[in-house]
Amino acid sequence: MKNETFNKYFYILPFSGETRYKPFISIFFSLIYVFGVLVNSFIITVICLEVQLHKPMYLFICNLSIVDIFYVSVTVPKLLQILLSGNHIVSFSQCYTQLYFFSVATTAEQILLFIMAYDRYVAICIPLHYHQILSRRNCILITFGIWAAAFLNSLLFVVSALNMSSCHSNIIHQFFCDGKSLTKTTCTTTQMFFVITGIEILLFAFVPVLSTCISYVNIFSVIFKKKSKESRRKAFSTCSSHVTVMSIYYGTILIGYLIPSYSEFLDSFFNTVYAAITPMINPIIYSLQNSTMQSVLLRFIK
């Protein structure tokens, strides 16, 4: 039997350890972080201050911007510290803390994207009951439920991950501590970890995506029955931004997790897209494809 040695720290080796490109990578991620935080903060401020946007759809967009700030704040500052200092060592506690908060952001976004699809379904398919179903009280409860589920689910996931023994290697070929990278360092995994991971994939990935697809089938069937071109155009514009965000988010996650374990560069690339670039472009997509958001934002800028 092999002796198991337990790591007290991990060695983050982002982008296959390309040291000559460190200045460019540092500038790139610095711009992503500053732009992502500023744009999402601006969206949150505008929605909070503008009474016209105090509606369920914009409440969920506001929450999405909070999640996007969460995403980049959990991953990018630590990466910049590693790149600028040259110290690639991350303690065991730091790594799993980052995993926890990244899992919170991931879970919250997955639930939120499903709720936003449901919001569009109610608004287009059963508009007469919209204010009753998505009342102010219900929206507050939904928002609280999203964050409570995210924090509790992530706690359960990290606790199950902590029971794994890290002994194969303490090198993580990624720019942050994520679940896929950590499983490559383990020599023993518990049955509970696989059970919890399977349940999470079912509850927070498969079910929301399937439900969203069913919702949009009903939404588009209603849209195509509308006689007015203007009403069809307006309905499409409110849905297209959400469909675009979902396609980018789930597309990059799916490709990232289907990539073989030896494709470290591609793995880092797709993780960069959904963990750093997507949070930056989400507010842009919603602003460009929503006429109400455009008019309000232009008024604030002026």
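Residues numbered from 1 in each chain as written. Predicted model: local features only at pLDDT ≥ 70, side-chain atom pairs only at ≥ 80, totals over all residues. Heavy atoms only, no water.

Per an unreviewed UniProt entry, the chain is named Olfactory receptor, and its organism is Eleutherodactylus coqui. According to the UniProt record, the Sequence similarities (unreviewed entry) comment for the chain is "Belongs to the G-protein coupled receptor 1 family." (UniProt positions renumbered as here; feature names shortened; annotations may be inferred.)

The next thing to look at is the sheet that holds strand β1 (residues 9-12). Ordered by their spatial adjacency, three strands build an open sheet running β2-β1-β4, and the pairing between neighbours is mixed. Both edges of this open sheet fall to β2 (89-91) and β4 (171-172), since each of them pairs with a single strand only. Direction of pairing for β1 relative to β2: antiparallel, over a ladder of three bridges. Bridge assignment links Tyr11 to a residue of β2, and that residue is Ile89. Strand contacts of helix α3 (residues 92-125): β1, β2 and β4, with the helix running at about 80° to β2, the strand carrying the most contacts. (Pairing = 2+ DSSP bridges. Helix = DSSP H or I, 4+ residues; strand = E, 2+ residues; numbered from the N terminus. Contact = heavy atoms within 4.5 Å. Axes fitted to C-alpha atoms, helices over the stretch in contact; angles between N-to-C directions.)

With that out of the way, let us pick up the UniProt feature "transmembrane region" (unreviewed entry) in the chain. According to UniProt, the feature "transmembrane region" (unreviewed entry) maps to residues 24-49, 56-79, 99-118, 139-162, 201-224, 236-259 and 271-289 in the numbering used here. End C-alpha to end C-alpha, residues 99-118 measures 29 Å, and it is 100% helix and 0% strand. For the annotated span residues 139-162, helix accounts for 100% and strand for 0% of the residues, and the straight-line distance between the end C-alpha atoms is 35 Å.

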